[in-house]
Every structure is written in structure tokens, then in C-alpha cells.
Amino acid sequence: MNRFARIIGTGSYLPPKIVTNDDLSKTIDTSDEWITTRTGIKERRIVTNESTCDLGVIAANNALDMAGIDAAGLDLIILATTTPDKIFPATATMLQKAIGANCPAFDLQSVCAGFIFALTTAEQYIKTGAANKVLVVGSETISRIVDWQDRSSAVLFGDGAGAVVLSGSEKTGILHSKLCSDGNYLSSLQVNNNFINETGFIEMSGNEVFKIAVNRLSDIAQDTLNACQMSSDELDWMIPHQANIRIISAVAKRINMPMDKVVVTLDKHGNTSAASIPLALDIAIRDGRIQKGQTLLFEGIGGGFSWGSILIRA
Ligand code: ACO
């Protein structure tokens, strides 16, 4: 009998401090008009004192509430983050303590593809029967690694967290997932620190990232549909990584997905890296757009490059 990993609860959290495009234009040479037309982003949330763990704990508790289970019932926690609170211990273990769980917990680093990689990892634990209830969190305080004087990257990012609770199911859940990595693109997108005594900031070749993102994401989304012998008109929603509205719409166009079936939240929170897909998912579930039984496609790419897509029946 097939065993699927099914999402039974979602949650998210955004820190309260809003930074609008107009706010940014007071400190760097940019404008609301440039940022809106080039990216679709209008505002982002930035932490003041909150840690990656703090954001993740609120998202996780919201997801556990929706799932109707207690943290003590979890078998595994995977926290996708590029901005862990410490080199060690894993931020996932701090989150485990804060929510009152007692299961194994580890961090997973795949930048903006982190949630896709974490969800796929969790799925493997569930499919094999090694775990039955898994919490997957994407949480980022990415503002800590943004160079706020670099107008080409500072306008893109924001902080936040999203979480899902997965449960083993014999009926429905993740139908297919595919992951890819290509380490040839280090200089296109990286934090070029020496790890020991520098934090470093995001360095990015925006044009190159843009083109690679559109090509890789549309290919992998199509591969995923093909593997499920489905066409995009059988999808109810695409929930893409929220990096740039022009990347999202170019991918949607290539796989023939109308934009009114694409969940877009980046206008309100920018690129929150590993948090962006579970944030968008939670928002669209809580506002009633995504319903049980619908078919969803997740896709995302991040530094490395690493990218992936997941097809899921909710
Ligand atoms: N405000 C005003 N002008 C700006 C700004 C800014 N914030 N940033 C750059 N410019 C200027 C440039 O200096 C350039 O000026 P010039 O023509 O005088 O040389 C001009 O705007 C055009 O710059 P481009 O880089 O060609 O602009 P582009 O249309 O490519 O947009 C952007 C740049 C938004 C970064 C785009 O390339 C992009 O989104 N790339 C993807 C990056 C990304 O998403 N990274 C996140 C991590 S990976 C991921 O999540 C997919």
C-alpha cells in the first residue's frame, strides 16, 4: 500500500516592523517605482530583536494548532534556514525545546530552495515509515546578511517564517518531488565570508540569477508534471518561491499556468528565502483559496544553485 506525506497543518509569522520601498529610498538610491516594476515587491518585514528561532516557533505553533496535535507527538523536526542563530547548536534544537517537542531536530541549508529540500527529506522519512508526524519549518532573518547599502540586492529580501506539519496518509499527499543542484555557480550568488570571523553579505549577479531561475524552474516544473502524467490545467494552484514577480510570471507562462492560479505574496514580504513557500501556502490556506483535495505545485531555486519542485494533493 502507498504511504504519502500529507500536510495537515500550516502556520506562518512575520515580524511586525514594516519597511516600505519609500523607506528604502531614503537611505539608498532607489524608488518605489523601480522596485515595484522590476520585482513586484512593495514592502518587507524586518526583525528588530527577534531571532530565526523566535520566528520559527510562532509559525510552528500555528501549524501545530491547525493540525490539532501537540508538539510531544512529533517524530522529527527539520528547520530550513540560511540564517541560523548560531554556528551550533542547530536552530532546530532550540525550536524543539521552545515548542516542547522531544524528537530529533536538525537544520537544513539550501538557501531559497531550503523548504523544498526539507519537505522532500521529510517525505522520505514518512514514506519509509521511519516517522509519522514531521514538522518542517522555513525561518529566516535574512536581513542580517543583506548589505543595506547595495541597492541591487537590499530591495529584494525580508524576514519571516512558515511551517507545515506532515502526517503519514494512505490516501493522499506528496505525489512527486524532484531536487537538483549545480555547484558551478558559486560566484553568481553567495555570501563570500570566511565563516570563522566574518558574517559577510549577499553578493549576487541579478541578471544571471534571473535567467537561470526562469530556465531551471520552468524545466523542473514541467518535469514534475510529466512524472505525474499531468498537464498544468489539472493544477489548482502553483505556490512558487517568492523572489521576483517577473521570474514567477515567466515560469507560469512557460508551463501554461494562468497567473490567477498562482499564489503571489511577495508584494507584502519580499524574498524570505526558505520561508517564502510555506508563508505563501499558509496565507492562501487561511484566506480560503487553497482547499482540501486540490492539486498544488511548489517550486523554488536558491544559491548553489539548488532547485526543486513538489506536486502535492492537499
Ligand atoms: N533601484 C534603482 N536602480 C537600480 C536598483 C535599485 N534598487 N538596482 C539596480 N538598479 C539599476 C542598475 O544599476 C542598472 O542601472 P544602469 O542601467 O544604469 O547600469 C539598472 O537598474 C538595471 O539593472 P539590472 O540589474 O539590469 O536590472 P534587472 O531588470 O535585471 O533587475 C533584479 C535586477 C531585480 C535584481 C533582477 O535581476 C532579479 O530579480 N534577479 C533575480 C535575483 C534574485 O531573485 N535573487 C534572490 C536570490 S535567488 C532566488 O531567490 C531566485
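These numbers were taken from a predicted model, which means no experiment stands behind them.

Another aspect to go through is the overall build of the protein chain. Regarding its fold elements, the protein chain presents 10 helices and 13 strands. Burial analysis of the protein chain (314 residues in total) assigns 54% to the buried set. When contacts within the protein chain are restricted to residue pairs at least 6 apart in sequence, long-range pairs at least 24 apart make up 76% of them. For the protein chain, the accessible surface area stands at approximately 13100 Å², while carbon and sulfur atoms represent 49% of it.

Pairing is mixed across the open sheet formed by 4 strands, whose spatial order is E8-E13-E12-E11. In the strand order of this sheet, the two ends are held by strand E8 (174–181) and strand E11 (237–240), each with one partner. Taken over all neighbouring pairs, the strand axes of this sheet differ in orientation by 10° on average, direction set aside. Relative to strand E13 (residues 306–313), strand E12 (residues 295–302) runs antiparallel, the two being bridged by 8 bridges. Bridging across to E13, Leu 297 finds its partner in Leu 311. Here helix H10 (residues 276–286) sits on the sheet in contact with E11 and E12, set at roughly 155° to E12.

Bringing the site of the ligand into the picture now. Lining the immediate surroundings of the ligand are 23 residues, of which Thr 30, Arg 38, Asn 207, His 241 and Asn 244 lie closest. Thr 30 is positioned such that a nitrogen or oxygen atom in its side chain is 2.7 Å from a nitrogen atom of the ligand. Between a nitrogen atom of the ligand and a main-chain N or O atom of Arg 151, the distance comes to 2.9 Å. When the ligand sits alone it has 1000 Å² of accessible area, and the protein chains cover 74% of it. By residue number, the principal contributor to the shell around the ligand is helix H7 (residues 206–227), which donates 4 residues. Residues of the shell around the ligand, tallied by class, amount to 11 nonpolar, 8 polar and 4 charged.

What follows is about the domain arrangement of the protein chain. Domain boundaries assigned for the protein chain yield domain 1 (4–169) and domain 2 (174–313). A straight line from the C-alpha centre of domain 1 to that of domain 2 covers 15 Å. Tallying the contact residues gives 53 residues for domain 1 and 48 residues for domain 2. The contact between domain 1 and domain 2 buries some 3900 Å² in all, and 66% of this surface belongs to carbon and sulfur atoms.

Each value, and the rule that gives it
Residues numbered from 1 in each chain as written. Predicted model: local features only at pLDDT ≥ 70, side-chain atom pairs only at ≥ 80, totals over all residues. Heavy atoms only, no water. Helix = DSSP H or I, 4+ residues; strand = E, 2+ residues; numbered from the N terminus. Buried < 20%, exposed > 50% of the residue type's maximum accessible area, 1.4 Å probe, protein only. Contact = heavy atoms within 4.5 Å. Areas by Shrake-Rupley, 256 points an atom, 1.4 Å probe, with all protein chains shown as cover. Pairing = 2+ DSSP bridges. Axes fitted to C-alpha atoms, helices over the stretch in contact; angles between N-to-C directions. Near = heavy atom within 4 Å. Polar contact = N/O pair within 3.5 Å; in protein donor to acceptor, adjacent residues only side chain to side chain. Nonpolar A, V, L, I, M, F, W, Y, C, P; charged D, E, K, R; others polar. Domains from an automatic or database assignment. Buried area = accessible area lost by both parts, 1.4 Å probe.

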